[in-house]
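Summary of structural features
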Amino acid sequence: MSTTTEAQVVLRLQGITKRFGPVTANEEVSFDLHRGEVIALLGENGAGKTTLMNILFGQYTADAGEVELFGQPLPPGAPRAALDAGVGMVHQHFTLADNLTVWENIVLGVDDLSGLSLKPREVKSRIRALSERFHLKVDPSAKVGRLTVGERQRVEILKALYRDAKILILDEPTAVLTPQEAEALFATLEEAIATGLSVIFISHKLHEVMAISHRVLVLRHGQLVAERATDSTNREELAALMVGAEVAAPSIESAAPGAPLLSLREVSTPDHGAAPGLKSLNLTLAAGQITGLAGVSGNGQAALSDLLSGLITPASGEMMLAGQSIKNWSARSAIAQGIARIPEDRHKTGTIADFDLTENAILETYASRFSRRGWMDWARARAFTKDLIQTYDVRCPGPDIRIRLLSGGNMQKLILGRVLEEEPQIILANQPVRGLDIGAVNYVHEQLAKARDRGAAVLLISEDLDEIMQLSDVIHVISEGRLSPGFARGSMRPEELGGWMAGHGFDAEATDAA
Amino acid sequence: MRLEPIEAPSPARRIVPPALAMAATFLVAAALALIAGGNPFAVFGLILTGAFGSKFALLETLNSATPLIFTGLAIAVAFRAKLWNIGAEAQLYAGAVLTVILGTGALGLPSYLMLPLCGLAAMLAGALLLLGPALLKTRLGVDEVVTTLLFNFIFLLFVSYLLEGPLKDPMGMGWPKSARLTSEARLPRIVEGLRLHWGFALALVAALLVWVINTRTTLGYEMRAVGQNAEAAGFAGIPVTRVILKTALLSGGLAGLAGFSEVSGLKGALTLDLSPGFGYTGIVVAMLALLHPLGVVLAALFVAAIFVGADSMSRAVGVPSYIADIMLASALLFMVLAILLTKFRVRRD
């Protein structure tokens, strides 16, 4: 139980149960949230965190159980009621309108934008007051489309505060932030808690949970399996509670680099909307090495990944594969040249949701391996998929079920199997463990390390600095399409890399002016 | 109200809503029949016997279903790859025009060469007609719904010009009508003396072939992949643009065959009323069939039966045959809703 003095209970969940068909997303979940308290909600992907928050926020209706806000029962399935009672949610994917200004976004849904009663001046000054008080620096008149990701998150939080939220739900809030921005976010939260705000903090990252929360609730398979006061637990215990067993991260030894397999020389690509292209980038991927690419999302990772995947070609500069300059670059030639690609979005880019496992497993190689004179060899494709399922431990009823029914981890294992079966020389892993549970994360990391040990060149793109630092033999930082020099394993502290991620250091060599 | 996706729909959920949709269709029709002063049971009975009740009625229904199978397949092939071909009407006429150009005496070929030639030419004409909008879509991102739909009107006016000019039958007493096909260019009847022509058999073969293409061939796999998720298909190295163009050729070709089959099998000459909107009704057929090629055959038979049956019913009891249009429209609307309900459940806020 809470060790603090008995503060007022602002939120009470009582026996919440939610089923989707045969799947139980939440089972008998009960907890209290007190005034000024931060609860961390910890759990693997698919543990039921998001479902629980959607019920609290009225987007889903629970099959059983009730939610009480400030002593009043919350009518189920009414998002408006939760909003009006003072619950604010900052989603992982922001819900802002790019073409509106900050203040317009904030009042959207609260005040009638077209109404005559709206007084922009008053609104803006209220927003300014809030942003000063909570250290949420942002210009109320700026267009949201022009803001950085960190600024957008501040707008989301301001939106909740503007509506007098008493309870703030943050879903994976640091996923898109630099370490420095995350620090600033935590400072803001400290401030907010001091004024009596209560926070539910959803995260995978154990160190953040340890840093910010008072209490930790662990969800596993939809059930609340543990509750710990944060100062009486540690990261190891929480990790074990999450997966239900002691887990050890694979230890990855450093390796000496081999021959360069792929190199980019002064490669530039055009900007794509708000996402910057590459700016005269030089990069070499060496055999037997994991090269880590750190950076805040939206700084050119997409362009680099698209380039190596064969989706775009360099606008200028040269791309060399095994000493040969590349011509006629396409996705198919990238595959033919032995580049294994693990895409960032396994749902949208990596798989076809309504295709079965077999159809997904052969997506990249159907033409060369499973088709003869225009006819598909489904028997062979199915046998191949069965092998993949065995070898890569894909938990599923069989090769004939639609892939949308698999969990993220199993989906990723199938993608891994699909590309690693070909014994690729170069592996591009873009956010390979995003949204996976710890067991699957370790599995993916082991596979990447194994591929490296047999001599493959691996490029690991991730927004998670811990992951980069744990796996990479060389680390580059990307910022606004520019690449930092390579840093050897262990030569940089996270804060130093954070500086590069924020864009410092790039200009030092270029110019002394400005 | 909100829609919540259902991850794994149960068998009941996949069957019950479409069944209810058909029930609702008949309820609407029954109400209208009552308003028009007919006994609904009698009306449905007459529609049924009018469509299937005699050998003549049955063959009439099969004949009417033939062009709908072709256009339904054309639409199903295209829609499955998310190529929104609304232009099957024009593609049908393009096939008919080519059949008439080649089949009215310009070539002195025997039947076994003439018919395949006309059929292939009709397919090619339909295919090329859709290739244009498909290229505009893949090259410039022009919406093919707009281009194919509007091109129907342009092409029909072009056919009208042809029938008043170059293709006009000199013996036609001034009617806008082409010359009649030579007997070598006519699809024979399946059984001598009965009106059913070989176009129907051709349509069944086409449906079977499309099904085989979809499930067994590399192209079918590519078309399904592009239709379901073009981004993932492109990422995996499937040549998305080329697949869309091949889909367009196949879809347009099938619609072109409808024109060939109607002129060569049924009418014997081209007039402006060759198709009372088979290209558009094909969309209904394809949707009712859930884009499945074998389902297209069933859906085309259903639609044809309603039209043929309603015609004969209205002659008997005086309930207007427009009831067929309403039944078709409500079947489509209810079916679209039913399909939604197999995939989503409705939640009230």
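Cut-offs applied
- Residues numbered from 1 in each chain as written.
- Chains lettered and ligands numbered in written order.
- Predicted model: local features only at pLDDT ≥ 70, side-chain atom pairs only at ≥ 80, totals over all residues.
- Heavy atoms only, no water.
- Helix = DSSP H or I, 4+ residues; strand = E, 2+ residues; numbered from the N terminus.
- Rg over C-alpha atoms; globule rule 2.2 N^0.38 Å.
- Buried < 20%, exposed > 50% of the residue type's maximum accessible area, 1.4 Å probe, protein only.
- Contact = heavy atoms within 4.5 Å.
- Areas by Shrake-Rupley, 256 points an atom, 1.4 Å probe, with all protein chains shown as cover.
- Lys, Arg positive; Asp, Glu negative; His and termini not counted.
- Charge placed at Lys NZ, Arg CZ, Asp CG, Glu CD.
- Buried area = accessible area lost by both parts, 1.4 Å probe.
- Salt bridge = Lys/Arg side-chain N within 4 Å of Asp/Glu carboxyl O.
- Patch = residues over 30% accessible without salt bridge, like charges linked within 9 Å, V, L, I, M, F, W, Y side chains within 5 Å.
- Axes fitted to C-alpha atoms, helices over the stretch in contact; angles between N-to-C directions.
- Parallel < 35°, antiparallel > 145°, perpendicular 65-115°, else oblique.
- Nonpolar A, V, L, I, M, F, W, Y, C, P; charged D, E, K, R; others polar.
- Core = buried A, V, L, I, M, F, W, Y, C linked by side-chain atoms within 4.5 Å.
- Domains from an automatic or database assignment.
- Polar contact = N/O pair within 3.5 Å; in protein donor to acceptor, adjacent residues only side chain to side chain.
- Pairing = 2+ DSSP bridges.
- Phe/Tyr/Trp six-rings, centres within 6.5 Å; stacked < 30°, edge-to-face > 60°.
- Lys NZ or Arg CZ within 6 Å of the ring centre and 35° of its normal.
- 1 Å grid on protein atoms, 1.4 Å probe; cavity = no way out; pocket = protein on both sides within 12 Å on 5 of 7 lines; lining within 4 Å.
- Points joined across faces, edges and corners; volume = space filled by probe spheres on them.

Digging into the overall build of chain B
- Secondary structure assignment for chain B yields 13 helices and two strands.
- For chain B, the C-alpha radius of gyration of 21 Å lies close to 20 Å, the compact-globule estimate for 349 residues.
- Over its C-alpha atoms, taken along the principal directions, chain B stretches across nearly 70 × 60 × 35 Å.
- Scored against the burial criterion, the 349 residues of chain B give a buried share of 50%.
- Across chain B, the fraction of contacts at a sequence separation of at least 24, relative to all contacts at a separation of at least 6, is 76%.
- Element-wise, carbon and sulfur atoms account for 72% of the exposed surface of chain B, whose accessible area totals about 15,500 Å².
- In chain B, the 24 positive side-chain charges and the 17 negative ones have mean positions that sit 7 Å from each other.

Side note on the overall build of chain A
- When helices and strands are counted, chain A shows 18 helices and 23 strands.
- Expected size for 514 residues packed as a compact globule is a radius of gyration near 24 Å; at 24 Å, chain A falls within 12% of this value.
- Considering only C-alpha atoms, chain A reaches an extent of 65 × 60 × 45 Å along its principal axes.
- For chain A, the residues scored as buried account for 54% of the 514 residues in total.
- Of the contacts formed within chain A by residues at least 6 apart in sequence, a portion of 68% connects residues at least 24 apart.

A look at the interface of chain A and chain B
- Facing the 35 residues of chain A at the interface are 27 residues of chain B.
- Summed over both sides, the interface between chain A and chain B buries roughly 2,600 Å², with carbon and sulfur atoms accounting for 55% of that surface.
- In this structure, the connection of chain A to chain B is made through one salt bridge.
- Residue Glu 359 of chain A is joined to Arg 224 of chain B by a salt bridge in which the shortest nitrogen-to-oxygen separation is 2.6 Å.

Here we look at a nonpolar patch on the surface
Residues and elements named next belong to chain B.
- A contiguous nonpolar patch, built from Trp 84, Val 145, Val 146, Leu 150, Phe 153 and Tyr 280 and spanning about 510 Å² of accessible area, is present on the exposed surface.
- The leading source of residues in the nonpolar patch is helix H6 (residues 144-164), at four residues.
- Relative to the helices and strands, Val 146 is located in helix H6.

A few points about the packing of helix H7 (residues 198-216) of chain B against helix H10 (residues 240-267) of chain B
Residues and elements named next belong to chain B.
- For the pair H7 and H10, the least separation of the axes is 10 Å and the interaxial angle reads 170°. Put simply, H7 runs roughly antiparallel to H10. Across the interface between the two elements, Gly 199, Leu 202, Ala 206, Val 210 and Ile 213 of H7 pack against Leu 250, Leu 254, Leu 257, Phe 260 and Ser 261 of H10.
- Classifying every residue of the contact of H7 with H10 gives eight nonpolar, two polar and no charged.

Thoughts on the nonpolar core
- By size, the foremost hydrophobic cluster in this structure holds 142 residues, and its most contacted members are Ile 362, Ile 427 and Leu 448 of chain A together with Leu 270 of chain B.
- Of the residues that make up this core, three or more belong to each of domain 2 (251-338 + 424-514) and domain 3 (351-420) of chain A.
- Of all hydrophobic cores here, the second largest spans 37 residues; its members include Leu 118, Ile 127, Leu 136 and Ile 212 of chain A.

Remarks on the environment of Thr 247 of chain B
Residues and elements named next belong to chain B.
- Relative to the helices and strands, Thr 247 is located in helix H10.
- For the pair formed by Thr 247 and Lys 137, sequence separation is 110 residues and the distance between their alpha carbons is 13 Å.
- Residues within four places of Thr 247 in sequence aside, it is in contact with Val 77, Ala 78, Ala 81, Leu 83 and Met 223.
- Among the polar contacts made by the side chain of Thr 247, one reaches the main-chain carbonyl oxygen of Val 243 at a distance of 2.7 Å.

Some points on the sheet that holds strand E11 (residues 260-268) of chain A
All names here are of chain A.
- Read from one edge of the open sheet, four strands run E12-E11-E14-E15, paired in antiparallel fashion. At either end of the open sheet lies a strand with only one pairing partner, and these are strand E12 (281-286) and strand E15 (324-325).
- As paired strands, E11 and strand E14 (residues 316-321) are joined by five bridges and run antiparallel to one another. Within the sheet, the bridge partner assigned to Arg 265 lies in E14 and is Glu 318.
- Those strands touched by helix H9 (residues 301-309) are E11, E12 and E14, and its axis lies near 125° from that of E11.

Notes on the pattern of salt bridges
Residue and element names in this part refer to chain A.
- With the rule as written, the count across this model stands at 26 salt bridges over all chains.
- For Asp 453, the salt bridge identified is with Arg 452, shortest N-O distance 3.1 Å.
- We classify Asp 453 as exposed; its relative accessible area is 56%.
- The buried category is assigned to Arg 452, whose relative accessible area is 4%.
- Residue Asp 473 is joined to Arg 452 by a salt bridge in which the shortest nitrogen-to-oxygen separation is 3.0 Å.

Quick notes on the environment of Gln 180 of chain A
All names here are of chain A.
- Here Gln 180 shows up in helix H6 (residues 179-194).
- A residue is classified by how much of its surface remains accessible, and Gln 180, at 38% relative accessible area, is partly exposed.
- Residues Gln 180 and Glu 495, spaced 315 residues apart in sequence, show a C-alpha to C-alpha distance of 7.9 Å.
- Among all residues touching Gln 180, those that are not within four sequence positions of it are Glu 495, Gly 498 and Gly 499.

Examining the pairing of strand E16 (residues 339-342) of chain A
Residues and elements named next belong to chain A.
- By the alternation rule, side chains of E16 split into Ile 339 and Arg 341 and Ala 340 and Ile 342, which are all buried.
- Two strands pair when backbone bridges link them, and E16 and strand E19 (residues 426-430) are joined in this way by four bridges, in the parallel orientation. Bridging across to E19, Arg 341 finds its partner in Leu 428.

Some details on the sheet that holds strand E9 (residues 215-220) of chain A
Residues and elements named next belong to chain A.
- Taken together, the six strands give an open sheet; going across it, the order is E6-E7-E8-E3-E9-E10, and neighbouring strands pair in mixed fashion. A single partner strand is all that each edge strand has here, and the edge strands are strand E6 (87-90) and strand E10 (223-229). The sheet shows a mean angle of 20° between the axes of neighbouring strands, taken without regard to direction.
- Bridging between E9 and E10 involves six bridges; their strand directions are antiparallel.

Brief notes about the packing of aromatic side chains
- Scanning all chains against the criterion turns up eleven aromatic pairs over all chains.
- Ring plane angle 70° and centroid distance 4.8 Å describe the contact between Phe 79 of chain B and Trp 84 of chain B, whose orientation is recorded as edge-to-face.
- Of the residues examined, Phe 79 of chain B reaches a relative accessible area of 8% and is grouped as buried.
- The partly exposed category is assigned to Trp 84 of chain B, whose relative accessible area is 33%.
- Here the aromatic rings of Phe 155 of chain B and Phe 158 of chain B are separated by 5.7 Å at their centres, their planes lie at 55°, and the arrangement is tilted. Remark: Phe 158 of chain B and Phe 155 of chain B occur in helix H6; sequence separation between them is three residues, near one turn of the helix.
- In this structure Phe 155 of chain B comes out as buried when scored by relative accessible area, which is 9%.
- Counting every residue linked through ring pairs, the aromatic cluster contains Phe 355, Tyr 366 and Trp 378 of chain A together with Tyr 221 of chain B.
- Above the plane of the ring of Tyr 162 of chain A lies Arg 126 of chain A, whose end atom (NZ or CZ) is 4.1 Å from the centre.

Looking at the domain arrangement of chain A
- Annotation of chain A at the domain level lists domain 1 (9-243), domain 2 (251-338 + 424-514) and domain 3 (351-420).
- Relative to domain 3 of chain A, the C-alpha centre of domain 1 of chain A lies at a distance of 38 Å.

A few points about the layout of surface pockets
Residue and element names in this part refer to chain B.
- Counted as a void, the second largest pocket has a volume near 560 Å³.
- Elements that contribute at least two residues to the lining of the second largest pocket include exactly helix H3 (55-80), H10, helix H11 (278-288), helix H12 (293-317) and helix H13 (322-343).
- Tallying contributions element by element places H3 first for the lining of the second largest pocket, with seven residues.
- Across the lining of the second largest pocket, the residue classes break down as twelve nonpolar, seven polar and eight charged.

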